[in-house]
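Given next are the chains, with one letter for each unit.
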Amino acid sequence: MDDKQLAKELRAIVGQRFVLTDPSELRPYECDGNTIFKKLPRAVVLPGNTEEVARVVRLLARNGIPFIPRGAGTGLSSGVVPTDGEVMIGLARMTRLLEVDLRNHRAVVEAGHTNLKLTQVVQDKGFYYAPDPSSQPACTIGGNVAENAGGAHCLKYGVTTNHVLGVALVTWDGEILHLGGKALDSPGYDLVGLMVGSEGTMGIVTEVTVRLLRKPQGFKTVMALFDSVSQASDAVSGVIAAGMIPGALEIMDKNAIIAVERGPFRVGYPEGQEAVLLIDVDGLGVGLNSQAEAILEICRQAGCTEVRIARTPEERGRWWANRKCAFGAAGKLAPNYAVQDGVIPRSKLTEVLAQVYAIGRKYDLTIANVFHAGDGNLHPLICYDEKVPGIVEKVLKAGSEILAACVRAGGTISGEHGIGIEKMADMNEVFTPDDLAAQKAVHDVLDPHDLCNPGKIFPAAAAEAMAGS
Amino acid sequence: MLQLRELSRVNLEACVHCGFCLEVCPTYRELGIEDDSARGRIHLIRNLAAGVVEPTPKVLEHLDLCLDCRACESSCPSGVKYGVIIEDARGRLEKGRRRSFWDVRVRNFFMKGVFPRPARLRSLARGLRWVQRLKLDRAAVKLRLVSRRTAALADAARVPGRFGSDVLPEFVPARGLRRYKVAFVQGCVSDVMFGPTNIATVRVLAANGCDVSIPAGQTCCGGLAFHCGDLEQARRQARQNIDEFLRADAEYIIINAAGCGATLKEYGDLLAEDPSYAGKAREFAAKVRDVSEFLAAIEPAPPTVPVPLKVAYQDACHLAHGQGIRLQPRKVLSLIPGLQLVNLAESDTCCGSAGVYNIVQPEMADALLRKKMSHIAASGAQVVAVANAGCMMQLRLGVRQYGPEVEVVHIVDLLDRAYAAEPGDGREQHG
């Protein structure tokens, strides 16, 4: 089918305005939040509801045209970057809140509903949606499902998969399936679990049934400053060893602090500060004070130079807004950044971070670290200027070396950003060819002709994609 | 290839594509199209500058659809000044653009012939006033000479009986003890369309111990020309205002329109490359204060007359996002006894007015206005207080088109009422 005919038939389904074909107009769809890998899609189509998605997919499948689902494009692993002539199916128009059932702590949203907005809708009633990736003001719940997104507060509350109970799935050939439901554990195989984190390679999730949680009765947020990241890491281990499970345990290192303090969401951390640790404890009001006191003491013992508890909800809000915009503030360090997502055992934080810094020195690259210390989920932001010839190759090499170091320490290559194109080659670090073949066999049941977001996750395709980018 | 100025390039480089600006962008929220978001437009402009993207009609459509509301700037972790980028790009693209004969004539007529020339603007407004008084506008709708929307727009923009400049002298002394020496910017459209608000503003300033001078030689701030990309015209107007206002030798330059205020505060940038004006422009810009910003900072005289109304405050984009002024207007309103400030959902989302946007992009402007009016209805407010002439006109249009029946006024109008009937206040009633 030629481009003209394709556009005409897509427009017949979704309307004139919501099909983009002009190459100039397709440019903003060439990448996601990771700007290293770029490629134009063949066309972009933005359906308005599940039925339209199914009709679009049927049209494409009939003609053997591969497709990529895309939420807000805030992903960081190039999971929505085309490899060869895919049509992009944007879900950003599908933002409806289909149902809120507060008595049973459930909500049903369309895939394009943004994460934070769900909390905003129910917070007056004392509820919230727990997974909180830093991009939550913009990212979609559909995208969160695709990547099994995490966030600062997943230490205590779990990642997306712990909060998704059902999905509507448009299969590779345009059939609409409803998997799972409102029950906490649906009978039969956990197909919902299979979908969460499948990165759009098994069909398109168009509706999601999620759990809502009661807002904790109280919060205490502790901020502690340290002269070294290793002291801050010691404090993290101390808190966990004391038997507490805080909502979040977050560390930023010197470069990350410089970035956020240069941006508009500054807290006022001292200049040249080596490390800041943010700890949220929440739950029943009773006992929060003693927990916070114990944490203050652990931080002091670990050698902090300053530690205190947020005095007001506004102050707590400022601390968290500052932390959550750390990636976006990387623009204050360099025009581009690539972020890694390695996971390590918490006990290896200091050791692996030393290796991260060494890799930075080796390649002469500035690396800012901001990480979910409680989960051992590192986010080294490798800063660079894409205009410098040859630098992207260096950034990619440094990134892979960092992931290899995580794996050597007993960890793995991704905590919450997904594999996408970016980490395909690194899959070989953690899986044998047999492992990968087994996973591919599962994939092929649901996408037998490789039409659903092809060229992602599985490293066999890595070389081709890299060559084409 | 699009050649951008240094300031735009610096800001483009600071964008790392995180997408925090997506969801706050009114046009993206409306359409879900990346090209119609701040990040998407930055990506287009970046690629236009790199020569990768051509300024095709489709691309220009996406850039044209931007409201320039700058909500994206408020959400940007890297502090990217998107307004600088889009205005620069638009200005430069304008030169290579083929617009229709009439489009060019109409633009030039207003940008160069009317807004910068107060006398002409007043004559035109007088004409419009007669058209409205004789109900010729309604006749024109009946005869289908103009669309119903155009007529509703004109109806929302009823020209008051007197212009601000008909009433305001060049100098109004402080009432009571003199505390400050200020100069008042009466604006171009504000002068003729919102004379009563301007008069109220001067009265409120005088009541707060301000000697107010109103330089006669002032002109339009240049914002309209600036936003349409005509930087040269904007600079001419800026120089004239700088000369006029610095001569007045005031401590502060006060403005009651958010859009103009944002432009006035940017004079330093606008004239940075003009050696004979750069210093004066910075001096001027440093003195500019929005009226609510000024009042909130000076411990205003407490108003005593109760205004027992439920009031919703609609943030003006160029106040909240452009100048970071959010708390001050609310603080000023909360001084008024009896006034109940109610919560307005999405109060810092653009109403669709955006300069001449509601005229050149009626479809999107209406969609945003409809949403705004439904939030206003849900707020239960009797009055909507605004801080900008454009928002006032647009929301009045909203009341007519979609309801609810709320009164739309400027913050200082309410404050003026609360000061108005004070005992011993022997001043004349204006407007």
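What you see is a predicted model, and the numbers here were worked out from it, not measured in a lab.

Participant: Got a minute to help me understand the packing of helix H13 (residues 195–207) of chain B against helix H25 (residues 411–420) of chain B in this structure?
Facilitator: The angle between the axes and the distance between the axes are what describe a pair of packed helices. All names here are of chain B. As a packed pair, H13 and H25 sit with axes 9 Å apart at the nearest point and diverge in direction by 55 degrees. Our classification of the angle between H13 and H25 gives oblique. Between H13 and H25 lies a crossing whose hand is left-handed. For the pair H13 and H25, the contacting residues are Thr-197, Ala-200, Thr-201, Arg-203, Val-204 and Ala-207 in the first and Val-412, Asp-413, Leu-415, Asp-416 and Tyr-419 in the second. Split by residue class, the contact of H13 with H25 holds 6 nonpolar, 2 polar and 3 charged.

Participant: Help me understand the sheet that holds strand S15 (residues 306–309) of chain A in this model?
Facilitator: The strands making up a sheet are joined through hydrogen bonds of the backbone, oriented either antiparallel or parallel. All names here are of chain A. Across the sheet, which stays open at both edges, the 7 strands sit in the order S15-S12-S14-S13-S17-S18-S16 with antiparallel pairing between neighbours. The open sheet terminates on both sides in strands that have one partner only, identified here as S15 and strand S16 (336–339). Between one strand axis and the next, the sheet turns by 15 degrees as a mean value, whatever way the strands run. Across 4 bridges, the pairing between strand S17 (residues 366–372) and strand S18 (residues 380–384) is antiparallel. Bridged to Asn-369 within S18 is Pro-380. Most of the contacts of helix H8 (residues 229–241) go to strand S14 (residues 275–283), to which it runs at about 20 degrees, and overall it touches strand S12 (218–226), strand S13 (248–253) and S14. Sheet strands touched by helix H13 (residues 391–408): S16 and S18. Its angle to S18, the strand with the most contacts, is close to 165 degrees.

Participant: Looking at this structure, how should I read the domain arrangement of chain A?
Facilitator: In many analyses, interface size is given as the accessible surface area lost on bringing the parts together. Domain boundaries assigned for chain A yield domain 1 (3–90), domain 2 (97–214), domain 3 (218–324), domain 4 (334–408) and domain 5 (427–468). Computed over C-alpha atoms, the centres of domain 1 of chain A and domain 3 of chain A are 42 Å apart.

Participant: Mind showing me how you'd approach the interface of chain A and chain B here?
Facilitator: Contacts between the two partners involve 33 residues from chain A, matched on the other side by 28 residues from chain B. Of all the secondary-structure elements, those providing two or more residues to the side of chain A that touches chain B are helix H2 (23–26) and S16 of chain A. Residue classes in the side of chain A that touches chain B are distributed as 15 nonpolar, 13 polar and 5 charged.

Participant: What is the right way to look at the domain arrangement of chain B in this model?
Facilitator: Residue and element names in this part refer to chain B. Partitioning chain B into structural domains gives domain 1 (6–95), domain 2 (110–156), domain 3 (164–297) and domain 4 (310–420). One C-alpha centre belongs to domain 2, the other to domain 4; they are set 24 Å apart. Its residues assigned to classes, the side of domain 2 that touches domain 4 comprises 3 nonpolar, no polar and 2 charged.

Participant: Whenever I open this one, the environment of Ala-320 of chain B confuses me. Can you help?
Facilitator: Residues and elements named next belong to chain B. Mapped onto the secondary structure, Ala-320 falls in helix H20 (residues 317–323). Each C-alpha atom of the pair Ala-320 and Val-131 lies 36 Å from the other, and the pair is 189 residues apart in sequence. In contact with Ala-320, other than residues within four places in its own chain, are Ser-74, Asp-315, Ile-325, Arg-326 and Asp-348.

Participant: Explain the sheet that holds strand S3 (residues 67–70) of chain A here, please?
Facilitator: All names here are of chain A. With respect to topology, 4 strands assemble into an open sheet ordered S1-S2-S4-S3, the strand pairing being mixed. Each edge of the open sheet carries a strand with a single partner, namely strand S1 (19–20) and S3. In the packing of helix H1 (residues 3–14) onto the sheet, the strands contacted are S1 and strand S2 (43–45), and the crossing angle to S2 comes to about 10 degrees.

Participant: Could you clarify how one ought to interpret the pairing of strand S6 (residues 310–313) of chain B in this entry?
Facilitator: The side chains of a regular strand alternate, first on one face of the sheet and then on the other. Residue and element names in this part refer to chain B. Where S6 and strand S7 (residues 340–342) come together, 3 bridges link them in parallel fashion. The residue bridging Lys-310 from the neighbouring strand is Gln-340, located in S7. Pairing between S6 and strand S8 (residues 383–386): 3 bridges, direction parallel. Bridging from a neighbouring strand, Val-311 pairs with Val-383 of S8.

Participant: Explain H25 of chain B to me, please; I cannot follow it from the model alone.
Facilitator: What sets the pattern is the α-helix's 3.6 residues per turn: residues three or four places apart point alike. Residue and element names in this part refer to chain B. In terms of burial, H25 is largely enclosed, as 8 of its 10 residues are buried. Turning to H25, its buried residues number three or more, namely Ile-411, Val-412, Asp-413, Leu-414, Leu-415, Asp-416, Ala-418 and Tyr-419. In the core, the buried residues of H25 are packed alongside H13, helix H19 (291–297), S6, helix H21 (327–334), S8 and strand S9 (407–410).

Rules used throughout
- Residues numbered from 1 in each chain as written.
- Chains lettered and ligands numbered in written order.
- Predicted model: local features only at pLDDT ≥ 70, side-chain atom pairs only at ≥ 80, totals over all residues.
- Axes fitted to C-alpha atoms, helices over the stretch in contact; angles between N-to-C directions.
- Helix = DSSP H or I, 4+ residues; strand = E, 2+ residues; numbered from the N terminus.
- Parallel < 35°, antiparallel > 145°, perpendicular 65-115°, else oblique.
- Left-handed = near helix turned anticlockwise from the far one by under 90°.
- Contact = placed C-beta atoms within 7 Å.
- Nonpolar A, V, L, I, M, F, W, Y, C, P; charged D, E, K, R; others polar.
- Pairing = 2+ DSSP bridges.
- Domains from an automatic or database assignment.
- Buried ≥ 20, exposed ≤ 12 C-beta atoms within 10 Å, placed from the backbone.

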